[in-house]
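Chain and residue survey
Each chain, letter by letter, is given below.
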Amino acid sequence: MKGLSSRDPSRIKTWEELVERVDELGFIPLFSGEVEGFSVEEMVSPDYWWTGDRQRDPWEWREIVAASHRAAYGKFFGKKAGFISLKWLPVFANHRREGYDWDSAWEDGRLTRREKLIMDVVTDKSPDGEILWTDKQILSTELKQLAGFGKGGEKNFPGITTDLMMKFYLVTSDFRRRRNKKGNEYGMAVSVLTPPEAIWGYEAVTEAYGETPTESWQRIVSRVQELFPNAQNSDILGLVGKAPKE
């Protein structure tokens, strides 16, 4: 693991400090990747990963931050995990969706059938067809079954949900442990996948719809260039994605 010395005063030490850094920078991948220095991994000490210490383990922090809803968490950067501040959330939504809500994206042939199967489970519609943004708190293990994936059904549930996060139609809103018939928790924490509108509201998520997807994309690229002026353009595109086709 990359990272800073545990004695380095500049390292991120708590999940609250991580949220503050996300707010400061706008967005951060969880693990090191294309742009050197631009990840949580490179801003924390490697000594505490996977220790299970909720106060010091960055792997535990991702659960806490996701559940706090103080930043968006999901697989947003080259299909890898990271955080996006609430300020930059609508910018990413507009860029990645290219201005389409999920139902209009389906009608225009921009979503696959398997993506729609998942979105149909995590959303409801009113009698007049309007989408109802309700946080259903469905564990990903349950969502897989409800959407018809798994043994004898549709394939590649992890890949399809990752694609929906990359398109910003889903985020990880929490992590919870499954319960047995007696109501006792067991096993590892499982992600809860939710449309961002169900957490932060439709108006907040779509705030940047007034600009073109390319303008939103350029804002994201420019932010990375501002933070890391020596980063190669190809590495930046690998991180944030290519310009939308308009």
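A brief structural summary. Just so it is clear, the structure is predicted and the values come from calculations on it, not from any experiment. (Residues numbered from 1 in each chain as written. Predicted model: local features only at pLDDT ≥ 70, side-chain atom pairs only at ≥ 80, totals over all residues. Heavy atoms only, no water.)

**Topic: the nonpolar core**
- Residues F27, F38, I84 and I118 are the most contacted members of the largest nonpolar core, which totals 66 residues.
- Setting aside its immediate chain neighbours within four residues, F27 contacts V22, F38, F77, F83, I84, W88, F92, I220, R223 and V224. (Core = buried A, V, L, I, M, F, W, Y, C linked by side-chain atoms within 4.5 Å. Buried < 20%, exposed > 50% of the residue type's maximum accessible area, 1.4 Å probe, protein only. Contact = heavy atoms within 4.5 Å.)

**Examining empty space enclosed by the protein**
- Counting across every chain of the model gives one cavity of 30 Å³ or more.
- Roughly 100 Å³ of volume is contained in the largest cavity.
- The wall of the largest cavity is formed by P29, L30, F31, S32, G33, E34, V35, F38, F77, K80, A81 and L239.
- Considering only residue class, the lining of the largest cavity consists of eight nonpolar, two polar and two charged. (1 Å grid on protein atoms, 1.4 Å probe; cavity = no way out; pocket = protein on both sides within 12 Å on 5 of 7 lines; lining within 4 Å. Points joined across faces, edges and corners; volume = space filled by probe spheres on them. Nonpolar A, V, L, I, M, F, W, Y, C, P; charged D, E, K, R; others polar.)

**Overview of helix α2 (residues 58-68)**
- For α2, the tally of buried residues reaches eight of eleven residues, placing the bulk of the element in the interior.
- When α2 is considered as a whole, its buried residues turn out to be P58, E60, W61, R62, E63, I64, V65 and A66.
- Among the structural elements, α1 (15-25), β2 (71-77), β3 (80-85), β6 (171-179) and β7 (185-194) are those in contact with the buried residues of α2.
- The distance from a side-chain oxygen at the start of α2 to the backbone nitrogen of W59 is 2.8 Å, and the residue carrying that oxygen is D57.
- Count one or two residues on from α2 and you reach H69, which has phi positive near 60°. (Helix = DSSP H or I, 4+ residues; strand = E, 2+ residues; numbered from the N terminus. Polar contact = N/O pair within 3.5 Å; in protein donor to acceptor, adjacent residues only side chain to side chain.)

**Looking at the environment of Y186**
- Among the structural elements, Y186 can be located in strand β7.
- Measuring from C-alpha to C-alpha, the distance between Y186 and R176 comes to 9.8 Å, with ten residues separating the pair along the chain.
- Setting aside residues no more than four positions away along its own chain, Y186 makes contact with R177, R178, R179 and N180.

**Here we look at the packing of helix α10 (residues 213-227) against helix α11 (residues 233-240)**
- Orientation of α10 relative to α11, taken along the N-to-C sense of each, is 125°, at an axis distance of 10 Å. When the interaxial angle is binned, α10 and α11 end up oblique. As α10 runs across α11, the sense of the crossing is right-handed. The segment α10 lies against α11, with W217, I220, V221, V224 and Q225 engaging N233, I236, L237, L239 and V240.
- Split into classes, the residues belonging to the contact of α10 with α11 amount to eight nonpolar, two polar and no charged. (Axes fitted to C-alpha atoms, helices over the stretch in contact; angles between N-to-C directions. Parallel < 35°, antiparallel > 145°, perpendicular 65-115°, else oblique. Left-handed = near helix turned anticlockwise from the far one by under 90°.)

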